[in-house]
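# Observations on chain architecture
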Amino acid sequence: MIPNLAFYLLIVGLPAFAWWYWQSNVDNPSYFVSEQVDTSLEGKEIMILGPDISGYQHAKLGGPFLNFELSKLYLDQDRDIPEKAKLYQMLQHQQPKIILDQEGLFQSILNNFPELSRHYQPIGNRKFILK
């Protein structure tokens, strides 16, 4: 009797409690991806430098950076010549068609690598496309 009750409590009670806890305590919108769809990005290879990664829902990952918090740590550090060469090679190898620069990091990358600025042109507010 007790093993059967414990089994059903585990199978039904635990998921029910988890659902109730999630509904009552988790309301932070930063946990969720925005449902806005940008049709201009659909099916294209993009790289997003910022916390809102909703553009990847209908597009392909085109650059070396997915997790912005980790990428920001990597991009903000001072680099010597071999590290600069590695960053340049990563961006040159993958060449995303569209870069959404929510935090303004890509403009500083273009300032450090004039050769990359020949390949990308700014369009609008913090958006770059491959020429």
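In what follows, the accompanying structure is described. Computed from a predicted structure; not experimentally measured.

Throughout the structure, instances matching the rule amount to one salt bridge. Among the salt bridges present, the one from Glu115 reaches Arg118, with a minimum N-O distance of 3.2 Å. Of the two residues, Glu115 and Arg118 both sit in helix α5 (residues 114–119), three residues apart, roughly one turn of that helix. Here Arg118 falls in the exposed class, since its relative accessible area comes to 55%.

The subject of this paragraph is the side chain of Ser71. On the secondary structure map, Ser71 appears in helix α2 (residues 68–76). Among the residues examined, Ser71 registers a relative accessible area of 5% and is labelled buried. Not counting residues up to four positions away in its chain, the partners in contact with Ser71 are Phe65 and Leu66.

Bringing unusual backbone geometry into the picture now. The backbone of Gln95 sits at a positive phi, close to 40°, despite the residue not being glycine. For Gln95, the position within the fold is in the loop between α3 (81–94) and β3 (98–101).

Turning next to the sheet that holds strand β4 (residues 120–122). Taken in spatial order, the five strands of this open sheet run β2-β1-β3-β5-β4, and their pairing is mixed. With partners counted over all chains shown, the strands left at the sheet margins are β2 (60–61) and β4, one partner each. Two strands pair when backbone bridges link them, and strand β1 (residues 45–49) and β2 are joined in this way by two bridges, in the parallel orientation. Bridge assignment links Ile46 to a residue of β2, and that residue is Leu61.

How each quantity is defined
Residues numbered from 1 in each chain as written. Predicted model: local features only at pLDDT ≥ 70, side-chain atom pairs only at ≥ 80, totals over all residues. Heavy atoms only, no water. Salt bridge = Lys/Arg side-chain N within 4 Å of Asp/Glu carboxyl O. Helix = DSSP H or I, 4+ residues; strand = E, 2+ residues; numbered from the N terminus. Buried < 20%, exposed > 50% of the residue type's maximum accessible area, 1.4 Å probe, protein only. Contact = heavy atoms within 4.5 Å. Pairing = 2+ DSSP bridges.

Fair warning: the whole summary comes from geometry, so function is off the table for now.
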